[in-house]
Amino acid sequence: MSEQVKYLETPDKSETDKKIYKTLLLGNGLHALIVSDPSPVPHDGFTSSDSSDGMGETEEAGDADAESSNESSNESTSSSSGTGESDSDSDSEVGDEKLAACAIMIDYGSFAEPRNYQGLAHFLEHMIFMGSEKYPEENVFDAHIKKCGGFTNALTDSEDTLFYFEVAEKHLDSSLDYFTALMKHPLMKQKAMQRERCSVDSEFQQIVQEDETRRDQLLASLATDGYPHGTFAWGNLKTLKDNVDDSVLHKLLHEIRRDHYAANRMYLCLQARLPIEELETLVLRHFGDIPSNHAVSAPDLSKFNYRNAFRPEFHEHAFFVKPVENVCKVELTWVLPSVRKYYRSKPDQFLSFLLGYEGRGSLCAYLRRRLWALELVAGIDDNGFDLNSMYSLFNVCIYLTDEGFKHIDDVLAATFAYVKVIAHADPQDLRVIYAEQQGIEATGFRFQPQRPAMDNVQDLVINSKYFPPKDVLTGKELYYEYNEADLLELIAHLNEFKFNLMFTARSYENVVYDKREDWFGTEYASIPMPAKWQQLWHDSDSVSKAMPDLFLPEPNRFVAQDFTIFWHQNGRPEIPEAPKKLLQNDVCELWFRADDKYELPEAFMTFYFISPLQRKSPKNDAMCALYEELVKFHVSEDLYPATSAGFSYTFSVGEKGLNLQVRGYNEKLHLLVEGIAQAMVTVESTLNEDILQTFVKDQRKSYFNTLIKPRQLNRDVRLCVVEHMRWLMIDKYKSLNEITLRDLREFARQLPRELYVQGLVQGNYTEESAHNVMNTLLTRLGCQAIRDRAYVEDRTVQLPQGAHYIRCHALNEQDTNTVITNYYQIGPNTVRLECMLDLLMMFVEEPLFDQLRTKEQLGYHVGATVRMNYGIAGYSIVVNSQETNTTASHVDKRIEHFRNSMMQMIEQMPAEEYEHIKDSLIKLKMVADMALSSEVNRNWSEIHNEEYMFDRRRQQIEVLRTLEKSEIVSFLLHNELDNLRKVSVQVIGHQPKKTTTAEDQAKNKTNKKTICESKEDTAEDEDDDENEDQDEDGDVEMDEELFQMLANKLNVTFLPPDGDVSTILDIAEFKSKLSLFPKPAISLDATKRSALIEDALKNT
C-alpha cells in the first residue's frame, strides 16, 4: 500500500515549533497531514524522571450551560466531556500524558445539497454517527470516545463537513477503527433518521433567536436565483419531514453519502506524540481502503460570478431589520471576489486592520469621542457563508448608541470619509503601515504558543484544502509579501457605492417592518437607497479632507523588540512548580512563577481588585458594571495599538470586584497595567451627564440581551438561590433607573480607595519586575485596607433536604426553548469528594446523552456537570428542550428516572469497565499543560478561590487510584437517603404565536417613534428622563399609559407549583430561613504549602 502513497512538500514551520510534519496523498486520493510531537514533556516538578517523551494539554469542557456573560462567577465546573484518557502506569505522574486528535473534512457542504431538501448536508452529518456495519449500535463511536475520556463533534459548513475527536494515545488505534467504520459503511437506518431529524430541529430552535444567524439567513434570501448560497443550511422538520417521503429521503441520504463521502474528497489531519512512521502506518491502515468516487465531483463554483451573487436590491436598497436582542447597529457589506487567492499578500486582512483600528485617527475613535458608537468591527468572517469559493463578504459593523442613531447621517458621512482616506492614501504610506503589521505577524508566528491537538487538527485540515502543502502552517498567519496591485484592487471595490446597507434597530422614523424572512421569521423592511445617503457618498471626497480627526494609524509604540528569555539568561535554574508568594499584607498578595517550560518571551499578569462596595445593593452591582465599561472606554484609544501588537487585556466584573488580566510580550506588558490603573483613578473626573446616559442605556441593553437567553436566565436564578450574597440580574437591570451622575462619581471615587488586590505574575519575568508592577499599581490606586470584610466573604446557602422547584417563563415570548437545570448540592468539598463526582460524571455522561437525547429526544443539549460554589460541591443535570416538544415537568421526571438508575448502573458495571473509566480520568489529570495560558489559569483559580492547592491534580490522582466502585455506590446511596438537597431551576419557553406587542399597540395610538430601544428599555428610559425636557424630535418621550405597559413587560415572575411540589416563589424569603455553610478553611497555609512543595521537590 505504501507504494501508492505520494509524498507532498513538507510545510514550513516556525523556529520554535518542534513538531514533525508529513503530507501524504494516498492511493485512493485521500489527502493526509500527519503531525508528530516528539518534544519532551516540560519539567513541571511532578513528572517522574523516566516519564515518556511528549508534552500536551487538554481543555476540560466548560460549564454545560456556560455562555458568554456580562459577569463572572466564582462557581467552578468540570465535566468529563472533552477530556483525555489512557492506562495507569504507576510511574506516570502529572504532566506525562498527552491527547491525540484526528480531524477529517469532506469536500461536501450545504451549497451542494438539493434545494428541495434544505438542511440535508447538516442532517447527513448527524446521521453518520448512527452506527456502522462493523459497529452497528447507535452512538457507539461517541460512547467509546467518552469512556476513554475523549471528545468528539462535527459541523457542517457551506462547502465542507468536518468531523473531529480527541482521545488518549493508547486508544487512538481503536478510536480510528470505530471512526473510519462510520466513514466507510455507516448504517443510517430509516428508524434512526426519524429520530435524528428531531435533533436537527431542536438544534435549529436553539439558534432561531440569534440575531447574527438571522442576519446571515436574510442575506441568503437575497441570493441571485440559481446561486447555491440561497439555501437554508440548518434544516428543520419543515424541510426534512413535512411533505417528505421518508423512504425517498432515506435513499437520497445514502446516495449522497456514497457519492460525496469519498476518499478523493477527504482531507485528514492526525496528531499524536507517536513517531511519524507509526502515525503514517495508522493512516494507511485505517484510511487507505476508504472507497474513492471520481465519477462525482464537488460543485464547480467558479461559474458563479461574485458580482452577480446577490440580486440588485442587495445594494440598491437600504434594509431595516427588527432584532430579537436590544441592539442598534449599522452594517456596510461589500461583495468581493474570494480572497483566498490573495493569501500571500492578505489585502483583505490589511484593510480589516485599517477600518477596524480603534486608536488615534480611526473611525472608531471619531465615533466614540462623540458618543455615537461604542464598538466597531471590520473584516470578513471566517465562515462558509461570508468566505467561500464564489465571493467574500467584507463587513463594517458599527454598534450605535441612541445618540449615534439620531446622528445616523453623520455616522455614515464619517464612515464614507474614512473609506476615502484609505482610497486616497499615498501607496507609500500604506506600504509603511503594512510593513509594520507584517513584522508583528511574523513575530507572532515565530513565538506562537502550542495549542491543544484537537484545536490544531481542526485548523490544519481546513488549511490542507485551501493552501498548498508548503503553506499549510503559514498560510493564515504570515503577510508573505506586499502586493500593491492586490491591495488597490480591493480598495477599488470598497471605493464603489455598491454595498449592502443594513440597519438593525427596533424602529426607524416611519419605516414599517412589512416583510418576514421565511425560515427565521425575521421582520424587516427595505426601501430604495435614499438620495441623501447617495449624496453623502458623492460628497465624501471633500468631507474627508475637512475631517482632520480621521487619519491612518501612526507608528505603534507597543511593538516589542527585546525577546530575551530570562530563564536561559539565568542559567536554566530549577524552579518549583507552585507559584511563590512574594508579598502579602492587608492590602494585597502577590504570587510569582518564572517560566521554565515554554521558553517564549511572554508573560501573564492577573489581578483581582476585591471591593466591599459591589455586593451592598443591586444598584452598586450595576454601578460596578458601569465602572468597568467606563474604564475600558477611557483607555480604549491609547491601548488599542497594544492589542494589534501582540498584547491583550481583559477587564471584567467579578463576584466582588474587578478582574484584570494582561498578556503578551513581557518587554512592555507593564504599560497596560499602568494605563488601566491610571484610568481606574481618573475615570471619575471624565464623567458627565451625556456619558452617564450613554453607558446606562448600553448596560441596560447588555442586561436585557443576557436575560432574554433562557440558559443565561436559568444560570442567574440558580446562582442567586445558591450563593448567600448575589443579586438577580433583573434587579440590577431595574436599579439602573436610580443611578445619578452624583452616585456614579461617588462610586468611582470610592472603589479604588478601599481594596484587597490579589495578583499573579507568571511567565518570562523576574521577581524584581513583578514587585515593581505591584508597587506601581498600588501607588497609582492609592488604596487602603478593607475595613468591613462582611461583603467580601464568600458563603454558600445550605439547601434544605428534599426537592425544591423554582420556575419562570423565558422573557422572550417568541422563544420556545425550555431549560431545566436540576442541581444537587452535596456539601463541603474535599479532594476525595471532588474525585468521586468527577468519576460519576464520566460514568453517566454517555448513557445520559444516549437516553435523554438520542432515544427520548428531549432536547439537543443534554449534559451533566460537577459544580463548586465557594468550596461547596454539587452536580447538575441540564436539558435544553422546547416547549413545543415536551413540558418541563416531564423533563424533570425523566431526569430523575435516569438519576435513580445511576447507582444500579454503576453497581452492575463490570470491574474491567470501572477500572477502564477510572484510569481514563487519572490520565486526564495527568495531561500536561501545552501552553502557559493553561498553567496560569490553573494557578489563578487556586488564588482567586483562596484555596491555594497548587498540587491539586497530584492529590486527585493519588485519591483516584484508591477509589473503589463500592465507595461510589455507598456514597450515592447515603446521599440519596440522608442528604438529597435538590433545586430544579426551570425557565419555560413559550408556544409560538403571533402576538401584538405593547409597542405595536402603542403605534396605533400615537405617531411618536422610539429610536434604537427595545420596548423594555424605552420604558425605563422614560422613567430616567421623566423630568427632562422633551426631545425636539419627540422620539423618546412616550405617554404614561404606554410607559406603564412596557415597564411591566420585562420582569422575572416565579410561577406557582406545578403539581404537589415545594416551589420557591421568593428567593430572598427562601434563603432567609436557611443556614450558611461555614467559610471553607484553607487546609494548609499557602506559604507553608509552597514551602513544603519546594522541600519535597528538593528531595526528589
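Residues numbered from 1 in each chain as written. Predicted model: local features only at pLDDT ≥ 70, side-chain atom pairs only at ≥ 80, totals over all residues. Heavy atoms only, no water.

Participant: Explanation requested: the overall build of the protein in the structure shown.
Facilitator: The helix and strand inventory of the protein stands at 37 helices and 27 strands. Among the 1100 residues that make up the protein, the fraction classed as buried is 62%. For the protein, the share of sequence-separated contacts (at least 6 apart) that also reach a separation of at least 24 residues comes to 84%. A total accessible area of about 41,100 Å² is found for the protein, and carbon and sulfur atoms account for 47% of it. (Helix = DSSP H or I, 4+ residues; strand = E, 2+ residues; numbered from the N terminus. Buried < 20%, exposed > 50% of the residue type's maximum accessible area, 1.4 Å probe, protein only. Contact = heavy atoms within 4.5 Å. Areas by Shrake-Rupley, 256 points an atom, 1.4 Å probe, with all protein chains shown as cover.)

Participant: Could you clarify how one ought to interpret the nonpolar core in this entry?
Facilitator: As a rule of thumb, soluble globular proteins bury nonpolar side chains together. Judged by nonpolar contacts, the single largest core of 104 residues is most densely connected at Phe607 and Phe609. Examining the composition of this core, we find that 11 residues originate from one element, helix 19 (residues 618-643), more than from any other. Setting aside residues no more than four positions away along its own chain, Phe609 makes contact with Phe651, Lys656, Gly657, Leu658, Leu660, Met680, Leu755, Tyr756, Val757, Leu777 and Leu781. Of all hydrophobic cores here, the second largest spans 65 residues; its members include Phe353, Phe394, Leu400 and Val511. (Core = buried A, V, L, I, M, F, W, Y, C linked by side-chain atoms within 4.5 Å.)

Participant: Whenever I open this one, the sheet that holds strand 5 (residues 99-106) confuses me. Can you help?
Facilitator: Working definition: the strands of a sheet are paired by backbone hydrogen bonds and lie parallel or antiparallel to each other. Taken together, 7 strands build an open sheet; the order of strands is 1-2-3-8-5-7-6 and the sheet is mixed. Looking along the sheet, the strands with just one partner apiece sit at the ends: strand 1 (6-7) and strand 6 (151-156). Summarising the sheet, strand 2 (residues 20-25) and strand 3 (residues 31-36) pair through 6 bridges and their orientation is antiparallel. Note on strand 3: the bridge partner recorded for Leu24 is Ala32. Against the sheet, helix 3 (residues 172-184) contacts strand 5, strand 7 (161-168) and strand 8 (266-272), and its axis sits at roughly 160° relative to strand 7. Running at roughly 150° to strand 3, helix 8 (residues 276-287) makes contact with strand 1, strand 2, strand 3, strand 5 and strand 8 of the sheet. (Pairing = 2+ DSSP bridges. Axes fitted to C-alpha atoms, helices over the stretch in contact; angles between N-to-C directions.)

Participant: Sorry if this is basic, but what is going on with the pairing of strand 15 (residues 523-528) here?
Facilitator: A regular strand places its side chains so that they alternate between the two faces of the sheet. Bridge count for strand 9 (residues 317-321) against strand 15 is 5 bridges, and the pairing is antiparallel. Of the residues in strand 15, the one forming a bridge with Ala318 is Ile527. In terms of strand pairing, strand 14 (residues 515-516) meets strand 15 through 2 bridges, oriented antiparallel. Residue pairing across strands places Lys515 opposite Tyr524, the latter belonging to strand 15. Hairpin connection, strand 14 to strand 15: the antiparallel pair is bridged by 6 residues, and Gly521 has positive phi, about 75°.

Participant: Looking at this structure, I do not really get the packing of helix 2 (residues 140-147) against helix 3. What am I missing?
Facilitator: Describing two packed helices takes the angle between their axes plus the distance from one axis to the other. Viewed as axis vectors pointing N to C, helix 2 and helix 3 meet at an angle of 160°, and their least axial separation amounts to 10 Å. Taken as axis vectors, helix 2 and helix 3 run roughly antiparallel relative to one another. Helix 3 is crossed by helix 2, and the crossing has left-handed handedness. Residue-level contacts link Val140, Phe141, His144 and Ile145 of helix 2 to Ser174, Ser175, Tyr178, Phe179 and Leu182 of helix 3. Partitioned by chemical class, the residues of the contact of helix 2 with helix 3 number 6 nonpolar, 3 polar and no charged. (Parallel < 35°, antiparallel > 145°, perpendicular 65-115°, else oblique. Left-handed = near helix turned anticlockwise from the far one by under 90°. Nonpolar A, V, L, I, M, F, W, Y, C, P; charged D, E, K, R; others polar.)

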